[in-house]
Amino acid sequence: MAEHTRAGSRSLPRLLMSPAVITLFLWMIVPLVMTIYFSVMRYNLMQPDQTGFVGLENYSYFLTDPDFWPSIWNTLILLGSVVFITVGLGLAIALLINDPFPGQGVVRILLISPFFVMPAVNALLWKHMMMNPVYGVLAQIWTFFGLQPIDWLADYPLFSIIIMVSWQWLPFACLIFMTALQSMDREQLEAAGMDGATYLQKLWYLYMPHMGRSISVVIMIEVIFLLSIFAEIYTTTSGGPGNASTNLAFLIFKQARLSFDIGVASAGALLAVVLANIVAVFLIRMIGKNLD
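Numbering of residues starts from 1 in every chain and runs along the sequence as written. Local features in a predicted model are, by the rule used here, given only for residues with pLDDT of at least 70; side-chain atom pairs are given and counted only at 80 or more, and totals for whole chains, interfaces and linings are based on all residues. Side-chain calculation: all heavy atoms of the structure are included, whereas hydrogens and water are not.

A. Seen up close, the overall build of the protein. Helix and strand definitions follow DSSP, with helices as H or I runs of at least four residues and strands as E runs of at least two, each counted in order from the N terminus. What the protein contains, in helices and strands, is 13 helices and two strands. Radius of gyration (C-alpha) of the protein: 25 Å, far over the 19 Å computed for a compact globule of 292 residues. Across the 292 residues in the protein, those meeting the buried criterion constitute 38%. The contacts in the protein between residues at least 6 apart in sequence include a share of 68% that link residues at least 24 apart. Accessible area of the protein: about 17500 Å², with a carbon and sulfur share of 71%. Each radius of gyration is computed over the set of C-alpha atoms, and the globule rule expresses the reference value as 2.2 Å times the number of residues to the power 0.38. The rule is simple: take the accessible area with a 1.4 Å probe, protein chains only, and divide by the maximum for that residue type; under 20% is buried, over 50% is exposed, in between is partly exposed. Note on contacts: a residue pair is in contact if any heavy atoms of the two residues lie within 4.5 Å. Computed with a 1.4 Å probe, the accessible areas rest on the Shrake-Rupley method; for each residue, only the protein chains presented here act as cover.

B. Seen up close, the packing of helix H9 (residues 186-194) against helix H10 (residues 199-226). Axes here refer to lines fitted to C-alpha atoms; in helices the fit is confined to the stretch in contact. Angles between the N-to-C directions go from 0 to 180 degrees. Across the interface, H9 lies against H10 with an axial gap of 11 Å and an inter-helix angle of 155 degrees. When the axis of H9 is compared with that of H10, the two are roughly antiparallel. Of the two possible hands of crossing, H9 and H10 adopt the one that is right-handed. Where H9 abuts H10, its residues Gln 188, Leu 189, Ala 192 and Gly 193 lie against Lys 202, Leu 206 and Tyr 207. Lys, Arg, Asp and Glu make up the charged group, whereas Ala, Val, Leu, Ile, Met, Phe, Trp, Tyr, Cys and Pro make up the nonpolar group; the residues left over, Gly among them, are polar. Here the residues of the contact of H9 with H10 are counted per class, giving four nonpolar, two polar and one charged. If an angle is under 35 degrees, it is roughly parallel; if it is over 145, roughly antiparallel; if it lies from 65 to 115, roughly perpendicular; otherwise it is oblique. Should the near helix be turned anticlockwise from the far one by less than a right angle, the crossing is termed left-handed; should it be turned clockwise, right-handed.

C. Fine view of the environment of Leu 91. Relative to the assigned elements, Leu 91 resides in helix H3 (residues 68-96). It is 7.5 Å that separates the C-alpha atoms of Leu 91 and Ala 173, two residues lying 82 residues apart in sequence. Contact partners of Leu 91, with chain neighbours within four places excluded, come to Thr 86, Phe 177, Met 208, Met 211 and Ile 215.

D. Structural context of the packing of aromatic side chains. For Phe, Tyr and Trp, where Trp contributes only its six-membered ring, two rings pair if their centres lie within 6.5 Å, and the inter-plane angle classes them as stacked under 30 degrees, edge-to-face over 60, or tilted in between. In the structure shown here, the tally under the stated rule is 19 aromatic pairs. Ring centres of Phe 38 and Tyr 43 lie 5.1 Å apart, and the angle between their planes is 15 degrees; on these two criteria the pair is classed as stacked. With relative accessibility at 21%, the residue Phe 38 sits in the partly exposed group. Arranged with centres 6.2 Å apart and planes meeting at 70 degrees, the rings of Phe 115 and Phe 116 form a pair that is edge-to-face. Owing to a relative accessible area of 65%, Phe 116 belongs among the exposed residues under this scheme. Every member of this aromatic cluster is reached through a ring pair, and the members are Phe 115, Phe 116, Trp 169, Phe 172 and Phe 225.

E. The side chain of Asn 132, seen in detail. In this fold, Asn 132 is placed in the loop between helix H5 (119-130) and helix H6 (137-144). A distance of 3.2 Å separates a polar side-chain atom of Asn 132 from the backbone nitrogen of Tyr 135. Those residues in contact with Asn 132, other than ones at most four positions away along the chain, are Trp 126, Lys 127 and Ala 139. Polar contact criterion, stated in full: a pair of N or O atoms within 3.5 Å, where within protein one must be able to donate a hydrogen and the other to accept it, and residues adjacent in sequence count only if both atoms are side-chain atoms.

F. Here's a closer look at the side chain of Gln 255. With respect to the helices, strands and loops of the structure, Gln 255 is situated in helix H12 (residues 248-258). In contact with Gln 255, not counting residues within four places along its chain, are Tyr 61, Phe 62, Asp 65, Phe 260, Asp 261, Val 264 and Ala 265.

G. Molecular detail of the nonpolar core. Counting 49 residues, the largest nonpolar core has Met 131, Met 164, Val 165, Phe 177, Leu 181, Met 211 and Leu 226 as its most contacted members. Mapped onto this core, the elements with two or more residues apiece are H3, H5, helix H7 (152-155), helix H8 (157-182), H9, H10, H12 and helix H13 (262-291). Beyond its immediate stretch of four places on either side in the chain, Met 131 contacts Trp 126, Leu 138, Ile 150, Trp 152, Leu 153, Ser 160, Ile 163 and Met 164. By convention a nonpolar core is built from buried Ala, Val, Leu, Ile, Met, Phe, Trp, Tyr and Cys residues, the set being connected through side-chain atoms within 4.5 Å. Grouped together as the second largest cluster of nonpolar side chains are nine residues, Phe 62, Leu 248, Leu 251 and Val 264 included.

H. Representation of H5. Multiplying 1.5 Å by the helix residue count minus one yields the expected span of that helix. Helix length check: H5, at 12 residues, gives a terminal C-alpha distance of 15 Å against a target of 16 Å (1.5 Å per residue), a fit within 8%. Residues of H5 that are buried: Asn 122, Ala 123 and Trp 126. All buried residues of H5 fall inside an arc of 100 degrees around its axis, so they share one side. Packing partners of the buried residues in H5 comprise H8 and helix H11 (231-236). Summarising the geometry, the arc corresponds to the directions from the helix axis toward the C-beta atoms.

I. Region of the structure containing the packing of H3 against H8. At a minimum axis separation of 7 Å, H3 and H8 run at an interaxial angle of 40 degrees. The orientation of H3 with respect to H8, classified from their angle, is oblique. The interaxial crossing formed by H3 with H8 has right-handed handedness. Counted by class, the contact of H3 with H8 contains 21 nonpolar, five polar and no charged residues.

J. Summary view of a nonpolar patch on the surface. Among the surface-exposed residues, Ile 22, Leu 24, Phe 25, Leu 26, Trp 27, Met 28, Ile 29 and Val 33 lie close enough to one another that they form a single nonpolar patch of about 850 Å² accessible area. Note on placement: Trp 27 falls in helix H1 (residues 2-39). Here the term patch refers to residues with relative accessible area over 30% and no salt bridge, with like charges joined within 9 Å and nonpolar side chains (Val, Leu, Ile, Met, Phe, Trp, Tyr) within 5 Å. Counted as salt bridges are all cases of a side-chain nitrogen of Lys or Arg within 4 Å of a carboxyl oxygen of Asp or Glu.

K. Structural context of the pattern of salt bridges. By the definition in use, this model includes two salt bridges. Here Arg 42 makes a salt bridge to Glu 57, at a shortest N to O gap of 4.0 Å. On the criterion of sequence distance, the pair formed by Arg 42 in strand S1 (residues 41-42) and Glu 57 in helix H2 (residues 57-63) is long-range, its members being 15 residues apart. Of the residues examined, Glu 57 reaches a relative accessible area of 43% and is grouped as partly exposed. Between Asp 67 and Lys 254 there is a salt bridge, with the nearest N and O atoms lying 3.2 Å from each other. Taken together, the positions of Asp 67 in the loop between H2 and H3 and Lys 254 in helix H12 put the pair 187 residues apart, joining distant regions of the chain. Judged by its relative accessible area of 18%, Asp 67 falls in the buried class.

This is how it looks when you write it as structure tokens:
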């Protein structure tokens with residue numbers, strides 16, 4: 001009787017967990033297995049009668065694509081630049097609005113609002129309202145000072161994408177940093193001020209050590225998501241001119257939707273997953289050391 005009771009007590013949690021496990025299986029495992037399958041198959045939508053097993057040929061084709069290394073380089077530049085801008089400016093803005101002032105609540109709401117704008121909408125706003133060389137806001141400012149307006153998306157495509165993505169992810173960094181600043185020991189700050197510590201000294205010896213964990217978390221989350229930036233590139237530059245703004249995610253899209261080569265695109269997707277996991281493991285270990 002006791003054994004039957006113990007078996008029943010073990011089966012109930014498993015039964016309650018089964019919907020989540022099944023959903024996870026259907027949502028992640030099945031697409032991953034299908035991607036692995038297509039990555040070793042010749043499967044072009046324009047040539048459905050030539051489907052067959054090709055082994056690692058798709059991986060070799062993707063790695064030797066002329067756009068592969070430029071896309072890797074663009075991905076790293078985009079990733080590093082956005083993280084540097086958002087962490088640096090986010091920390092500066094969080095420190096600036098940390099102390100109470102009239103309208104602080106409104107300013108905080110306005111600061112975090114860009115994060116809720118969809119990536120495609122964000123790209124369209126910057127493309128037509130800010131960076132358009134004829135009627136954009138930046139063109140009007142250039143004209144006001146007697147300068148020649150710049151066609152940002154044609155002359156500086158990757159830099160333009162960096163600005164768009166940074167504008168959207170800056171509120172996220174600000175929100176995390178503002179939350180972390182609220183937990184600082186005010187008595188410690190007051191004691192440091194009474195001992196004659198300057199603001200720079202308090203920033204270096206008190207604020208920065210306290211913000212270390214938050215900075216690590218922001219970097220980890222942003223890196224994981226920024227590896228798959230796509231909407232901004234597709235909506236504005238389409239990876240061009242040439243491959244000047246093509247990142248790894250957009251290169252995979254080009255193989256899947258423009259070349260109709262599902263096999264090569266699947267191989268590229270698996271390589272991107274491996275790269276993302278390597279970066280994630282490295283960052284998690286870095287954060288773990290920071291938390292110890």
